[in-house]
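Residue-level listing of the chains:
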Amino acid sequence: MKILLAMMSHETNTFSPVPTPLERFGGGTRPLEGPDIQRFFQNRGSTLAGMLSVAQRHDVELITPIAAGAPPSGPVDDDAYTYITETICAAAVGCDALLLDLHGAMVTRTYPDGEGQLLAALRQAQPGIPIAVGLDMHANLYPGMVENATIISGYHTYPHIDMFETGVRAAEILFRTLAGEVAPTMVWGNRPMLPHVMRQGTDDFPNKELQAQCRSLEASGEALAVSLFTGFPHADIENAGLSVVVVTDNDPEKAAAIRDELLDRAWQDRSSFVYQLKPLTSSIAEGIAARDEPGDGPIILLDHYDNTASGGTMDTTEVLREILAQGLEDVAAFGIFDPEAVGQMIAAGVGSRVTVNIGGRFHMGALKQQSSPLEVSGVVRLISDGRFTIRGPMATGSAMSMGPSVVLDTGKVEIVVISRHVEPYDLGCFYSLGIDPLAKTYLMLKSRIHYRAVFLPIAKKIVECAGRGVCTSDYDELTFEHVRRPIYPLDNLNDWEYPGNPV
Ligand SMILES: [Zn+2]
């Protein structure tokens, strides 16, 4: 039996000016292809690795054409999309089943649902074969994805620490299907709501409870897979937002009942998915006041408007500027993306005193207000190639590359300046650069929820800071033209009753 295993993964922020060419899909210059994929993904904390581990327990011929995953950014270039999908489609010919690690929020220059287009092409070529898909919790679901897959399974955690388990779940259902043990039937639905990413964490109500319900329905055997996708709101496409997919063993009525209960519950609690804004100056002042509060560990200053893992440019300077203006001391900041400044500081060398402009280089056309470069003076404390192995619990064991990286020490703030877009969701971001994050009074992090996986347990306090950036938590800063209307909270649907679930 021949099984195809492949990955095509991208969370597209349609407001982001960061380009997404083929070179962005992969740890190096292009996606990983062929048999190397199996070696590379062995025991990694990813959906593909989970699928691989299940496939390796079966006596099958495994075809691994491509593993293409890019950090979030703007719409995917058409030639990159064509290359990835044609590689998968060509390898799928003659296969008995397909295992696909897809993100579920890919927007290309041409298509709003990159995954739906791929699945439709695969289904058309081979109508009868089972196709199992693993999706990120931020998937924005389209009918084409559900109609052309046999099994869909999504993460239950945010921070995403169950990517491997999601791959295992999808693959096990696929192999049970091939063995004739189950006959998956799948339904889906959505609600007109755009949950704020800052309110989607599974430490918090209501997503904690919603995901727990999904897990318990799977554990009890009532359903094969139950996925609630909070969706990715920074994609101005018709179907952005919250949705549910349920897979049962040949019981469409039960699947529909589970779907409706979850959607009704999410809709009921929609106001808890809305983020409350605070001005930046008062957030930094709150951070200063927190120094005198009891407790140990660093105070986290969260620059959540510019999270690269939501498509942020990672080079806006407003939060760092305010930290310097209010005179905070003993700060480590991760980080500013600025390959040009990195090059200047590498040329100056370790120990040199430099004055450089960092950040503020991307023009963010979707925003009315831009960021600007920040002039800083300090000592080049450390130069690194930016490579380390992730300790976890997110993406445990994976190789991280921040590109050539520099620590610039102003005396009060150690600023990490990097050359590849990397969200700080692992302590290695600091330890690999000679900074002990536990020993700092403050850590500035450009992140939204994923930082919680390691920084929440060690932090004294979290202060959310409204900076600037294309993953702004203030929807008023963005112009939505394509998302279906009305939709909450862009439209006031506080008293609106959902007219009824699809039959
Ligand atoms: Zn996600």
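All values derive from a computational prediction rather than experimental measurement. (Residues numbered from 1 in each chain as written. Predicted model: local features only at pLDDT ≥ 70, side-chain atom pairs only at ≥ 80, totals over all residues.)

With that settled, consider the domain arrangement of the protein chain. Split into domains, the protein chain comes out as domain 1 (2–273) and domain 2 (280–472). Distance from the C-alpha centre of domain 1 to the C-alpha centre of domain 2: 30 Å. In this assembly, 24 residues from domain 1 lie in contact with 29 residues from domain 2. Residue composition of the side of domain 1 that touches domain 2, by class: 10 nonpolar, 12 polar and two charged. (Domains from an automatic or database assignment. Contact = placed C-beta atoms within 7 Å. Nonpolar A, V, L, I, M, F, W, Y, C, P; charged D, E, K, R; others polar.)

The next subject is the nonpolar core. Leu-4, Leu-99, Val-133, Ile-151 and Ala-171 are the most contacted members of the largest nonpolar core, which has 93 residues in total. Of all the elements, helix α6 (residues 163–178) adds the most residues to this core, at eight residues. Contact partners of Leu-99, with chain neighbours within four places excluded, come to Ile-3, Leu-4, Leu-5, Met-51, Ala-55, Ala-132, Ala-171 and Leu-174. Counting residues in hydrophobic clusters, the runner-up holds 61 residues, among them Val-407, Val-413, Phe-430 and Tyr-451. (Core = buried A, V, L, I, M, F, W, Y, C linked by C-beta atoms within 7 Å. Buried ≥ 20, exposed ≤ 12 C-beta atoms within 10 Å, placed from the backbone. Helix = DSSP H or I, 4+ residues; strand = E, 2+ residues; numbered from the N terminus.)

A few words on the sheet that holds strand β20 (residues 461–465). On the basis of which strands lie adjacent, the open sheet formed by eight strands has the order β13-β14-β17-β18-β12-β19-β11-β20 and mixed pairing. One side of each edge strand has no neighbouring strand; the edge strands of this open sheet are β13 (353–358) and β20. Between one strand axis and the next, the sheet turns through 30 degrees on average, direction left out of account. With six bridges joining them, strand β12 (residues 331–337) and strand β18 (residues 413–418) adopt parallel strand pairing. (Pairing = 2+ DSSP bridges. Axes fitted to C-alpha atoms, helices over the stretch in contact; angles between N-to-C directions.)

Before going further, it helps to examine the packing of helix α3 (residues 78–92) against helix α4 (residues 114–125). It is the contact of α3 with α4, at a shortest axis distance of 10 Å, that shows an interaxial angle of 25 degrees. Here α3 is positioned roughly parallel relative to α4, judged by the angle of their axes. Handedness of the α3/α4 crossing: right-handed. Between α3 and α4, the contacting residues are Tyr-81, Thr-85, Ile-88, Cys-89 and Ala-92 on the first element and Gly-114, Leu-118, Ala-121, Leu-122 and Ala-125 on the second. Class assignment of the residues belonging to the contact of α3 with α4 gives a composition of eight nonpolar, two polar and no charged. (Parallel < 35°, antiparallel > 145°, perpendicular 65-115°, else oblique. Left-handed = near helix turned anticlockwise from the far one by under 90°.)

Strands sit in the order β8-β10-β9 across an open sheet of three strands; the sheet is antiparallel. Each edge of the sheet is formed by a strand with only one pairing partner; in this case those strands are β8 (184–190) and β9 (225–229). When the angles between neighbouring strand axes are averaged without regard to direction, this sheet yields 10 degrees. Note that β9 and strand β10 (residues 243–249) share five bridges and pair antiparallel. Within β10, the position partnered with Ala-225 by the bridge is Val-247. The sheet strands contacting helix α8 (residues 252–268) are β8, β9 and β10, and the helix crosses β8 at an angle near 25 degrees.

Look at α3: 21 Å from first C-alpha to last across 15 residues, which is about the 21 Å you get at 1.5 Å a residue. Turning to α3, its buried residues are Ala-80, Tyr-81, Ile-84, Thr-85, Ile-88, Ala-91 and Ala-92. Down the axis of α3, the buried set is contained in an arc of 135 degrees. They therefore lie on one face. In α3, the exposed positions angled more than 90 degrees off the buried face are occupied by Asp-78, Asp-79 and Ala-90. At the exit of α3 stands Gly-94, carrying a positive phi of roughly 85 degrees. (Expected span 1.5 Å × (residues − 1). Arc of directions from axis to C-beta.)

Before going further, it helps to spend a moment on the pairing of strand β5 (residues 97–102). The buried fraction of β5 amounts to six of the six residues, a majority that puts the element mostly inside the structure. Neither face of β5 is left uncovered, since the one carrying Ala-97, Leu-99 and Asp-101 and the one carrying Leu-98, Leu-100 and Leu-102 both have all their residues buried. Relative to β5, strand β1 (residues 2–9) runs parallel, the two being bridged by six bridges. Paired with Ala-6 across the strands is Leu-100, a residue of β5. This β-α-β element, β5 to α4 to strand β6 (residues 131–135), shows right-handed connectivity. (Right-handed = clockwise from strand over helix to strand, strands pointing away.)

Remark: helix α7 (residues 207–219) packs on α8, axes separated minimally by 11 Å, with the N-to-C direction vectors making an angle of 165 degrees. If you check the angle between α7 and α8, you find them roughly antiparallel. Considering how the two elements wind past one another, α7 and α8 form a crossing that is right-handed. Along its contact with α7, which presents Leu-210, Gln-213 and Leu-217, the element α8 presents Ile-258, Leu-262, Arg-265 and Ala-266. Classifying every residue of the contact of α7 with α8 gives five nonpolar, one polar and one charged.

Attention now moves to the environment of Ala-348. Along the chain, Ala-348 falls in helix α11 (residues 339–348). Once the C-alpha coordinates of Ala-348 and Val-380 are considered, the two residues, 32 residues apart in sequence, prove to be 8.0 Å apart. With near-sequence residues (within four places) excluded, Ala-348 lies in contact with Val-354 and Val-380.

Our next topic: unusual backbone geometry. Note the cis peptide between Tyr-158 and Pro-159, where omega equals 10 degrees. Relative to the helices and strands, Pro-159 resides in the loop between β7 (151–154) and α6. For the peptide bond that leads from Arg-485 to Pro-486, omega is -5 degrees, which places it in the cis range. Among the structural elements, Pro-486 can be located in the segment after β20. The backbone phi angle of Asp-330 is positive, close to 60 degrees, even though this residue is not glycine. You can see Asp-330 is positioned in the loop between α10 (318–325) and β12. The phi dihedral of Ala-395 is positive, around 55 degrees, even though this residue is not glycine. The class of Ala-395 is buried, set by 22 C-beta atoms lying within 10 Å.

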